[in-house]
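Residue-level structure breakdown
Given next are the chains, with one letter for each unit.
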Amino acid sequence: MRGFLGAVTGFPTVVFTFALIVVVGYWVLVLLGGAHLHGARGGHHGHGHGHGHGGGRHGHGGLQRVLGLGGVPITVAVSLVIAFSWFTSLAGRVWLGGGGGGGWLLPAAVACGWVGARLVVTPLRRLMPEPLPPPSRLDFVGLGCVIRTGRVGPDFGQAEVHAADGSSAVVQVRQSLDDAAGPGGVLRSGAAALIYDYDAEGEFFWVMPAPTPSTS
C-alpha cells in the first residue's frame, strides 16, 4: 500500500493524480445532475431574442479535430487523456521502482494518454448523434407571427414569432405598400401575420396579413 501511494504521489504521476481527482469529481457532479457535458459536437441552439445567424462552434473544436479527438464532447476527450496518462505514468513509476526517469516519463505518459484516448474516441464518435444544422433566420420564413408595434410599414415594425422548438423571438418586420393597400392589409399591434421572406441586407422579415382559414 505504501508503495502504491508513493507511486501515486511521486513525480510525474502526482500531476495526473490531481487532474484525475478533478475529472472524477466532475463526472460525479454530472451523474448527480449538477453539471453538464460541454461538447464540440453541439446540438441545435435555441432561437434567442433577435434570432442570431447561427450557433458558432466552440474554439476547442478545431484543436480536437487536429488531435484526432473530435466528434465527442471535449470533457470526454480530456477525461480519457488524463485517465490514460495517469495509468501510464503510474505503470512507469512502478516499472522504474520509484527511481529516476521522471523527466521522460511525463511526456511519454501524455503521448500514451493521447493514443489511448484516440483509440477509445474512434468507436465512441460513431455512437454520438450527428449535430443538427445551426439555426438560421430563414427558419422563420413561412411561420406565423403576432405584430407587437402600433403599425408595420416598409420602414418600421416588430413582431413576435415562435420557432419550431418552442422558443420565441421578437424580430424586425416590414410590410410592402402593396400588401398594406389590400383589404384588411393594415397590420397593427396584436394582428396575426405571415412571414414570407427575409431581407439579409436589411436584416428584417417581410410579412403579410395571415390568410383567413376558409370555411366549408
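Check the entry above for the structure.
Treat the numbers as computed from the prediction; the structure is a model and nothing was measured.

**Regarding the side chain of serine 79**
Along the chain, the position of serine 79 falls in helix H4 (residues 74-96). Among the residues examined, serine 79 registers a relative accessible area of 12% and is labelled buried. Excluding its chain neighbours within four sequence positions, the residues that come into contact with serine 79 are Val23 and Trp27.

**Quick notes on the pairing of strand S1 (residues 144-147)**
Of the two faces of S1, the one holding Cys145 and Ile147 is buried and the one holding Gly144 and Val146 is not buried anywhere. As paired elements, S1 and strand S4 (residues 192-199) share 3 bridges and run antiparallel to each other. Paired with glycine 144 across the two strands is leucine 194, which belongs to S4. Bridge analysis of S1 against strand S2 (residues 158-162) gives 3 bridges, and the strand direction is antiparallel.

**Focus on a nonpolar patch on the surface**
There is a patch of nonpolar side chains on the surface, built from Val24, Val28 and Leu32 and spanning about 290 Å² of accessible area. Tracing the backbone shows valine 24 in helix H2 (residues 13-32). Overall, valine 24 belongs to the partly exposed group, its relative accessible area being 45%.

**Some thoughts on the packing of H2 against H4**
It is at 9 Å that the axes of H2 and H4 come closest, and there the two elements cross at 145 degrees. Judged by the sense of rotation from one axis to the other, the crossing of H2 with H4 is left-handed. For the pair H2 and H4, the contacting residues are Thr13, Phe16, Thr17, Ala19, Leu20, Val23, Tyr26 and Trp27 in the first and Thr75, Val76, Ser79, Ile82, Ala83, Ser85, Trp86, Ser89, Leu90 and Arg93 in the second. The residue inventory of the contact of H2 with H4, partitioned by class, reads 11 nonpolar, 6 polar and 1 charged.

**Thoughts on the environment of valine 207**
Inspection of the secondary structure assignment puts valine 207 in strand S5 (residues 204-209). The exposure class assigned to valine 207 is buried, which follows from its relative accessible area of 0%. Sequence separation between valine 207 and glutamine 175 is 32 residues, and the spatial gap between their C-alpha atoms is 5.5 Å. Setting aside chain neighbours within four positions, we find valine 207 in contact with Cys145, Val152, Val173, Arg174, Gln175, Asp179, Leu187, Ala193, Leu194, Ile195 and Tyr196.

**Quick notes on the environment of methionine 208**
Its place among the elements puts methionine 208 in strand S5. By relative accessible area, which is 29% here, methionine 208 ends up partly exposed. On a C-alpha basis, the gap between methionine 208 and valine 173 in space is 9.7 Å, while along the polypeptide they are 35 residues apart. Setting aside residues up to four positions removed in sequence, methionine 208 forms contacts with Asp179, Leu187, Ala193, Leu194 and Tyr196.

**Structural notes on the pairing of S2**
The two faces of S2 differ: Ala159 and Val161 on one face are buried, but Gln158, Glu160 and His162 on the other face are not. Here S2 pairs with strand S3 (residues 168-174) via 5 bridges, running antiparallel. When the sheet's bridge partners are listed, glutamate 160 is paired in S3 with valine 170. Taking the residues between adjacent antiparallel strands as the criterion, S2 and S3 are bridged by 5 residues, where glycine 166 takes a positive phi near 95 degrees.

Conventions used here
- Residues numbered from 1 in each chain as written.
- Predicted model: local features only at pLDDT ≥ 70, side-chain atom pairs only at ≥ 80, totals over all residues.
- Heavy atoms only, no water.
- Helix = DSSP H or I, 4+ residues; strand = E, 2+ residues; numbered from the N terminus.
- Buried < 20%, exposed > 50% of the residue type's maximum accessible area, 1.4 Å probe, protein only.
- Contact = heavy atoms within 4.5 Å.
- Pairing = 2+ DSSP bridges.
- Patch = residues over 30% accessible without salt bridge, like charges linked within 9 Å, V, L, I, M, F, W, Y side chains within 5 Å.
- Areas by Shrake-Rupley, 256 points an atom, 1.4 Å probe, with all protein chains shown as cover.
- Salt bridge = Lys/Arg side-chain N within 4 Å of Asp/Glu carboxyl O.
- Axes fitted to C-alpha atoms, helices over the stretch in contact; angles between N-to-C directions.
- Left-handed = near helix turned anticlockwise from the far one by under 90°.
- Nonpolar A, V, L, I, M, F, W, Y, C, P; charged D, E, K, R; others polar.

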